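# Coordinates in review
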Amino acid sequence: MEFRGVCVLLGVLLLVNCSFQQSSQRRIVKKDTAKDAAIKELQKQIDDIVQELNLLKEQQALQTVCLKGIKIYDKCFLADTVKKRYHTASEDCNALGGVLGTPTSREANDQLRDYIRQSIGPNEQVWLGINDMVTEGTWVDQTGSSITYKNWDTSNHRSPQPDGGMSSNCAVLSGASSGKWFDENCREEKPSVCQFNIV
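Because the structure is a prediction, the values reported are computed rather than measured.

### Quick notes on unusual backbone geometry
In the segment running from Gln161 into Pro162, the intervening peptide bond is cis, with an omega of -5°. Considering the arrangement of structural elements, one finds Pro162 in the loop between strand 5 (140-141) and strand 6 (170-174). Its identity is not glycine, yet Ser178 carries a phi of approximately 55°, on the positive side. Residue class for Ser178 comes out partly exposed when judged on its relative accessible area of 43%.

### Here's the deal with helix 3 (residues 106-119)
An ideal rise of 1.5 Å per residue puts 20 Å on 14 residues; helix 3 measures up with 20 Å between its terminal C-alpha atoms. Residues of helix 3 that are buried include every one of Ala108, Asn109, Leu112, Arg113, Tyr115 and Ile116, and no others. What you see down the axis of helix 3 is that its buried residues fit within an arc of 165°, all on one side. Opposite the buried face of helix 3, at more than 90 degrees from it, the exposed residues are Arg106 and Gln118. Gly121, located one to two residues past helix 3, shows a positive phi value of around 145°.

### A few points about the environment of Gln125
For Gln125, the location among the structural elements is in strand 4 (residues 125-131). Residue Gln125 is classed as buried on the basis of its relative accessible area, which comes to 18%. Each C-alpha atom of the pair Gln125 and Lys190 lies 6.7 Å from the other, and the pair is 65 residues apart in sequence. In contact with Gln125, other than residues within four places in its own chain, are Val172, Leu173, Ser174, Phe182, Glu184, Lys190 and Pro191. A polar side-chain atom of Gln125 sits 3.0 Å from a polar atom in the side chain of Lys190.

### Examining the state of the cysteines
Tallied over the entire structure, the rule returns two disulfides. Disulfide pairing places Cys93 opposite Cys194 at an S-S distance of 1.9 Å. Measuring handedness by torsion sign, the sulfur bridge of Cys93 and Cys194 sits at about -85° and is left-handed. In this pair, Cys93 is assigned in helix 2 (residues 86-95) and Cys194 in strand 8 (residues 190-197), connecting sequence segments 101 residues apart. Pair check on accessibility: Cys93 and Cys194 agree, each one buried. There is a disulfide in this structure between Cys170 and Cys186, and the S-S distance comes to 1.9 Å. Measuring handedness by torsion sign, the sulfur bridge of Cys170 and Cys186 sits at about 95° and is right-handed. Here Cys186 lies in the loop between strand 7 (181-184) and strand 8 and Cys170 lies in strand 6, a separation of 16 residues in the sequence. A relative accessible area of 12% means that Cys186 is categorised as buried.

What counts and how
- Residues numbered from 1 in each chain as written.
- Predicted model: local features only at pLDDT ≥ 70, side-chain atom pairs only at ≥ 80, totals over all residues.
- Heavy atoms only, no water.
- Helix = DSSP H or I, 4+ residues; strand = E, 2+ residues; numbered from the N terminus.
- Buried < 20%, exposed > 50% of the residue type's maximum accessible area, 1.4 Å probe, protein only.
- Expected span 1.5 Å × (residues − 1).
- Arc of directions from axis to C-beta.
- Contact = heavy atoms within 4.5 Å.
- Polar contact = N/O pair within 3.5 Å; in protein donor to acceptor, adjacent residues only side chain to side chain.
- Disulfide = S-S within 2.5 Å.

Right under this line is the structure:
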């Protein structure tokens, strides 16, 4: 009888111990879950702060570009006086986070012409982000979109621009010709102007 009582007591103690351990494990699991949620929330806040910081850096860089160059409507333009081939000039603009300049209205073209005359020289031509490399005669910007504004020089009635055919696939803006555009051989070396979108 005593043995049976000891066994019952031992059984009760084991049940109490198991119940206590399960309860502790549930609390630990709840604590771990709460810790994981807190860690995830902190990581999200850190990621948001990093993203905001990067945006601020980008805006500051654009402001610096606008201060060194010129702001025309919702874009900043920065002249590069170093003469380069079209593709090199384009790659250099891309490396800075921009593209070769592409005026989209007469007013923007005139302002860009005036800026180029002041920053590069009154008689210079600069590469524009406009070409017909893919399809002859179809002039597109650097995203491949058709251009809506055009300012080709048509003063020479015998050979209005663009007149270079297959050998001249890249457009330039001429300071000497009142901002008119000409098609040129892309391998020629000319100054350029980079364009940056303002966020």
